[in-house]
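The lines below spell out each chain.
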Amino acid sequence: MKFEIAPAYQGRKEISAEDLLTAVHISLNQEADLFEDGQLVCSWLGLPMDQNIENLHLKEITTYVQNHHYCFKWSDESKNTNKIFATFLPHVWEGEDMLQVNVHDYRASANEREFTSLDELHDFIFENYPEIEPSFISIWVFGAESKNYRLNTIAQKEQQFLLEGKN
């Protein structure tokens, strides 16, 4: 399948998406019309939301609202996963090495790394970025469960857990 999006006042451009559900997330994030094999699937700014929901329902995607955000999942629950995808953006600010990690529940770009949980992501960061102070690592989780935090809040919990002799 070929997926294209058309952001407002721009022409269509092909996107890399593993499936229609991923393409829906990408198009909503960019407030762009979504086309599948040349046919309009949804138009976030051009159609009433009820029409977009109906169009997605016909494609076996369920729309629901969680924490004031539109969310999407396969109508067939066996197709849904709990995977998360992260992009790592190392940078230097005022002479300090820093890391920003953007997390989505869909693969927003081909260079994102897949994880099964935030705990697995945290372990990966501790193992692969030991030179960066945890207080200089920001994690941004996008979607219905949006949050952002510094990794030192997680590191402090783990240290307390180990100090108390729990493992």
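Fair warning: this is a prediction, and the values are worked out from it, not measured in the lab.

Novice: Even after reading the chapter, I still don't get the sheet that holds strand β3 (residues 32–36), so can you show me in this structure?
Specialist: Pairing between sheet strands relies on hydrogen bonds along the backbone, with the strands arranged either parallel or antiparallel. Spatially, the four strands line up as an open sheet ordered β2-β1-β3-β4, and their pairing is antiparallel. Two strands close off the open sheet at either side, each with one partner strand: β2 (13–15) and β4 (39–42). Averaged over all pairs of adjacent strands, the angle between strand axes in this sheet comes to 40°, irrespective of strand direction. Two elements, β3 and β4, share three bridges in a ladder whose sense is antiparallel. Counted as the bridge partner of leucine 34 is cysteine 42 from β4.

Novice: Mind showing me how you'd approach the pattern of salt bridges here?
Specialist: Pairs may arise between side chains of opposite charge once their charged atoms sit close together. Inspection of every chain in the model, using the stated rule, returns seven salt bridges. Between arginine 107 and glutamate 18 there is a salt bridge; the shortest N-O distance is 2.9 Å. Remark: glutamate 18 occurs in the loop between β2 and α1 (20–29) and arginine 107 occurs in the loop between β8 (96–104) and β9 (113–115); sequence separation between them is 89 residues. With a relative accessible area of 55%, glutamate 18 lands in the exposed category. Between lysine 59 and glutamate 36 there is a salt bridge; the shortest N-O distance is 2.7 Å. Of the two residues, lysine 59 sits in the loop between α2 (49–58) and β5 (61–66) while glutamate 36 sits in strand β3, which places them 23 residues apart along the sequence. Overall, the relative accessible area of 37% leaves lysine 59 in the partly exposed class. A residue is classified by how much of its surface remains accessible, and glutamate 36, at 9% relative accessible area, is buried. Each of Glu18, Lys83, Arg107 and Glu114 takes part in one network of salt bridges that share partners.

Novice: Honestly, the packing of aromatic side chains in this entry has me stumped. Any pointers?
Specialist: The geometry of two aromatic rings is summed up by the distance between their centres and the angle between their planes. A complete count under the given rule lists five aromatic pairs for this structure. Plain terms: the ring middles of phenylalanine 88 and phenylalanine 124 are 5.3 Å apart, the flat faces sit at 45° to each other, and that makes the pair tilted. Within this pair, whereas phenylalanine 88 is found in strand β7 (residues 84–93), its partner phenylalanine 124 is found in helix α3 (residues 118–128), the two being separated by 36 residues in sequence. Members of the aromatic cluster, joined through ring pairs, are Phe88, Phe115, Phe124 and Tyr129. Above the ring of phenylalanine 35, the side-chain terminus of arginine 12 is found at 3.5 Å from the ring centroid. For lysine 73, the ring lying beneath its charged end belongs to tyrosine 64, and the centroid distance is 5.6 Å.

Novice: Please explain the pairing of β8 as it appears in this structure.
Specialist: On a regular strand, one side chain projects to one face of the sheet and the next to the other, so that they alternate. Bridge analysis of β7 against β8 gives nine bridges, and the strand direction is antiparallel. Bridge assignment links tryptophan 93 to a residue of β8, and that residue is glutamate 96. Taking the residues that link successive antiparallel strands as the turn, the β7-β8 hairpin has two residues, and the phi of glutamate 94 there is positive, at about 50°. Note: β8 against strand β10 (residues 137–141), five bridges, orientation parallel.

Novice: Even after reading the chapter, I still don't get unusual backbone geometry, so can you show me in this structure?
Specialist: Negative phi is the rule for most residues except glycine; trans is the rule for most peptide bonds. For aspartate 37, which is not a glycine, the phi torsion comes out positive at approximately 50°. Backbone geometry places glutamate 60, a non-glycine residue, at a positive phi of 70°. Relative to the helices and strands, glutamate 60 resides in the loop between α2 and β5.

Thresholds, definitions, all that
Residues numbered from 1 in each chain as written. Predicted model: local features only at pLDDT ≥ 70, side-chain atom pairs only at ≥ 80, totals over all residues. Heavy atoms only, no water. Pairing = 2+ DSSP bridges. Helix = DSSP H or I, 4+ residues; strand = E, 2+ residues; numbered from the N terminus. Axes fitted to C-alpha atoms, helices over the stretch in contact; angles between N-to-C directions. Salt bridge = Lys/Arg side-chain N within 4 Å of Asp/Glu carboxyl O. Buried < 20%, exposed > 50% of the residue type's maximum accessible area, 1.4 Å probe, protein only. Phe/Tyr/Trp six-rings, centres within 6.5 Å; stacked < 30°, edge-to-face > 60°. Lys NZ or Arg CZ within 6 Å of the ring centre and 35° of its normal.

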